[in-house]
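The residues making up each chain are set out below.
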Amino acid sequence: MARSDLRPVVKLRSTAGTGQTYVTRKSRRNDPDRLALRKYDPVARRHVVFREER
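These numbers were taken from a predicted model, which means no experiment stands behind them.

Calculation criteria
Residues numbered from 1 in each chain as written. Predicted model: local features only at pLDDT ≥ 70, side-chain atom pairs only at ≥ 80, totals over all residues. Heavy atoms only, no water. Salt bridge = Lys/Arg side-chain N within 4 Å of Asp/Glu carboxyl O. Helix = DSSP H or I, 4+ residues; strand = E, 2+ residues; numbered from the N terminus. Buried < 20%, exposed > 50% of the residue type's maximum accessible area, 1.4 Å probe, protein only. Polar contact = N/O pair within 3.5 Å; in protein donor to acceptor, adjacent residues only side chain to side chain. Contact = heavy atoms within 4.5 Å.

Visitor: Would you explain the pattern of salt bridges in this entry?
Guide: A side chain with one charge can pair with a side chain of the opposite charge if their charged atoms come near. The full count for this structure, using the stated rule, is two salt bridges. Salt-bridge contacts for E53 lead to R13; the nearest nitrogen and oxygen are separated by 2.9 Å. Taken as a pair, E53 in strand β4 (residues 46-53) and R13 in strand β1 (residues 9-14) lie far apart in primary sequence, 40 residues in all. The exposure class of E53 is partly exposed, given its relative accessible area of 30%. Of the charged contacts, one joins E52 and K26 as a salt bridge, the two residues approaching to 3.0 Å between their closest N and O atoms. Of this pair, E52 sits in strand β4 while K26 sits in the loop between β2 (21-25) and β3 (36-41); the two residues are 26 residues apart in sequence, bridging distant segments of the chain.

The following block contains the structure:
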């Protein structure tokens, strides 16, 4: 099994509309749906929800 099959690299985009992104890995087995994390957006200067884009 290849490294990228189970834990693919995903890009998280800010919902504040600033265009800020984070890159992370996620487990397909534990999180089959789209990932949503609350992280810091330096452009908006506050914590916002970042959602996985495909």
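Visitor: Is there a simple way to explain the side chain of S27 in this structure?
Guide: Secondary-structure assignment places S27 in the loop between β2 and β3. Judged by relative accessible area, which is 11%, S27 ranks as buried. Looking at S27, its side chain comes within polar contact range of the main-chain nitrogen of N30, at 3.4 Å. Not counting residues up to four positions away in its chain, the partners in contact with S27 are L6 and R7.

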